[in-house]
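Single-letter residue listing:
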Amino acid sequence: METRLYRRIGLVIALGWLFFTLFPLYWVLVTAFKPPLAVSQGATFVPFIDFQPTLQAFADAFAGLRGDFLPPIIASTLVTLTATALSVFFGAMAAYALVRFTFRIKLLAGIAFGVVAIGGFLVLDKVLHVPVPYALGLVLVGGLAVAIVLNRLPLPGPVLVNDDVTFWFVSQRMFPPIVSAFALFLVYAEMRKVGVQMLDSMPGLVLAYTAFGLPFAVWLMRDFFQNVPVEVEEAAMVDNVGRLRIFFQIVVPMATPGIVATSMIVLAFIWNEFLLALLLTSARWQTLPILLAGQSSSRGDEWWAISVAALISILPMIVVAIFLGRMMRSGLLAGSIK
Amino acid sequence: MSVGTAPDRVKYLFIWPAFLVVLTVSLFPLIYALIVSFQAVRLVPPVPPRFVGLDNYAQVLGSGRFWGAMWTTTIIVFVSVALQYVIGFTLALVLHHNVPGAALYRVSFLLPMFLAPVGVALIARMIFHPVLGPVNALITGLGFPTVTFLTDPALAISVLILVEVWQWTPFVVLLMLAGLQGLPAEVFEAARVDNIPVLRRFRDITFPMLLPLSTAVVFIRLIEGYKVVDTAFVLTGGGPGTATETLTLYAYYEGFRKFNIGMTSALSFVFLVVVTIAGTLYLVAAQRLARRYR
């Protein structure tokens, strides 16, 4: 009796939320097929009854008549696919290392890196007037060398282990992105002064997005690798199979569902990312979110065209969501929250 | 286990590429930005950088616009995360108890969080349009006067909150549902045998058991929420006036409209400190709450 009442309330809540979720999507879908009059004379809702649907907006978009859609689509696709592949590849390798090996990093070595980097940069930049990109490169290499040597020495102080390294990766995501995005913009701008084109270029964007996707990839892949049984690897090690071969020929195939799920999530994040693209591109490599953001000011109330642009960005993600929804039902993602 | 402790140099080959990329791209430029934040740098007009000490920071902390943006962001984040958590947890419970048609809801409930916030904001702009939007069509259809959602400060913030809730409640649903499915069935079986009413079962069993997960979910949403920029950028551009200007949007305007590089760097570091303090305070509070339930 009581259960039935709660069931009914539950059903009402679920249906209400379903409507709330789907109405905006329905709206953008039908608006893309509206002729201009069906927009400018007030809200219209149902195709064939309220208005006669037309494909004109799609035709215009791809004929390049009303702003060029094709370059951002190509840029978004190239950058997203490359950066996703790189971050999942590097992220999976790092996650595997964090699951199967032990790392010990002395906190003092880390602090020494920071001191050497900041101090060295100040000296090179202010005293010796070395151009910023070279100075940064030099102190990066120098700081790392000092840190590696110090880590070998028997230093006192806390020792960071695997969990801390994982946290270090994940903590990159806790930063407000404007902090590192703006810093990266400054460095890229300095690089342009010495003739390296990173602003508004594919390598610049791919590098930025690889770093953007890596924390997710490391975090998610770590959980998937933890569920891969270690016995098979031990057997292979007895047979003297190299670590790299074990990883690529045994572990990766066993963790394929996890790799696919991780790729999907990273792909979605990079595809939708706005701030980095806004800061790091200006013309040629502008991505879809930047094109979208420009729509509302450049087009005013040309909603049919705006809807087409929004749909282009949404459709691949609907595929991703359906795919992940299936994986979720099979309980695959449940393990990744523990 | 023997594999885990094997002193194997190959481990560095595995971890260095990822480590280097994150270090070089995400962390290392901060050194340069930190130094820039103590200088007066302007790109337009170009003047040679000059060391000004803490001037930039003083300017940020003394600026009313900064505190306005801080307040706006905080309101948006706290209200929207509270709504996301309550609605998301409720929906997860509903889905967990297999309402009819659960399979249908799953994908549609998941969908919004995978869409570009910029696209979502564009759709919201259409829906809340004063003359041509469906919401106002409904309002005027019922005989009320037109509501200009995006030009009234309080309403514009409400629309932003609504968009955030629409987009990110699915995240809460996803994780809370996974948490519910991971709870031991025996406890609930015992509670049912003892005939404990549904609401008490939730208050005394489900909620306390999911408290650690809830804490984590809300923490992630708070941190992510403070980053909000794309929605405000498209939906209102920070307006009317600066009523919906979030911290990131303010930093962007300082850096890319005024080209005040030193101050923007200082601003982003202040922002970092604020988020760190807020995050720590939250975690302390969450620990207290968890202790009360133990």
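Residue indices follow the written sequence of each chain, beginning from 1 at its first position. The order in which chains are written sets their letters, starting at A; the order in which ligands are written sets their numbers, starting at 1. Where totals are concerned, whole chains, interfaces and linings use all residues; where local detail is concerned, this predicted model gives features only for residues with pLDDT of at least 70, and gives and counts side-chain atom pairs only at 80 or more.

Starting at the N terminus, helices and strands are each numbered in turn, a helix being any DSSP run of H or I of at least four residues and a strand any DSSP run of E of at least two. If you tally the helices and strands in chain B, you get 15 helices and two strands. Note on method: radius of gyration uses C-alpha positions; expected globular size equals 2.2 Å times residues raised to 0.38. Here chain B has a C-alpha radius of gyration of 24 Å; the compact-globule value for 294 residues is 19 Å, and the former is much larger. Principal-axis analysis of the C-alpha atoms places the extent of chain B at approximately 75 × 75 × 35 Å. Buried, partly exposed and exposed are defined by the number of other C-beta atoms within 10 Å of a residue's own C-beta, namely 20 or more, between the two limits, and 12 or fewer respectively, with C-beta atoms placed from the backbone. Sorting the 294 residues of chain B into buried and exposed places 43% on the buried side. Note on contacts: residues are paired as contacts if their backbone-placed C-beta atoms lie within 7 Å. In chain B, once contacts between residues fewer than 6 apart in sequence are set aside, the share between residues at least 24 apart is 71%.

The next subject is unusual backbone geometry. If you check the backbone angles, Asn240 of chain A has positive phi at about 65° while not being a glycine. Relative to the elements of secondary structure, Asn240 of chain A occurs in the loop between α10 (231-238) and α11 (243-254). Classification of Asn240 of chain A as exposed rests on a count of 6 C-beta atoms within 10 Å. If you check the backbone angles, Phe259 of chain B has positive phi at about 50° while not being a glycine. With respect to the helices and strands, Phe259 of chain B occurs in the loop between α14 (247-256) and α15 (261-293). Here Phe259 of chain B falls in the partly exposed class, since 14 other C-beta atoms lie within 10 Å of it.

This part takes up the packing of helix α4 (residues 70-100) of chain A against helix α9 (residues 202-226) of chain A. Residue and element names in this part refer to chain A. Only the stretch in contact is used when fitting a helix axis, every axis being a line fitted to C-alpha atoms; angles between N-to-C directions are given from 0 to 180 degrees. Following both chains from N to C, one finds α4 and α9 inclined at 40°, their axes separated by 6 Å at the closest point. With respect to each other, α4 and α9 are oriented oblique. The crossing of α4 and α9 is right-handed. Looking at the contact of α4 with α9, its residues break down into 21 nonpolar, seven polar and one charged. What sets the label is the angle itself: under 35 degrees gives roughly parallel, over 145 gives roughly antiparallel, 65 to 115 gives roughly perpendicular, and the rest give oblique. We call a crossing left-handed when the near helix sits turned anticlockwise from the far one by less than a right angle, and right-handed when that turn is clockwise. Gly counts as polar in this scheme, as do all residues outside two lists: the nonpolar Ala, Val, Leu, Ile, Met, Phe, Trp, Tyr, Cys and Pro, and the charged Asp, Glu, Lys and Arg.

Let us look at the confidence of the model for chain B. Residue and element names in this part refer to chain B. Per residue, pLDDT measures the predictor's confidence, with a range of 0 to 100. For chain B, mean pLDDT is 86; residues scoring 70 or higher make up 96% of the total. A low-confidence stretch, residues 1-6 (pLDDT under 50), is modelled with eleven contacts involving residues beyond four sequence positions or located in other chains. Note on the complex model: pTM 0.88, ipTM 0.86.

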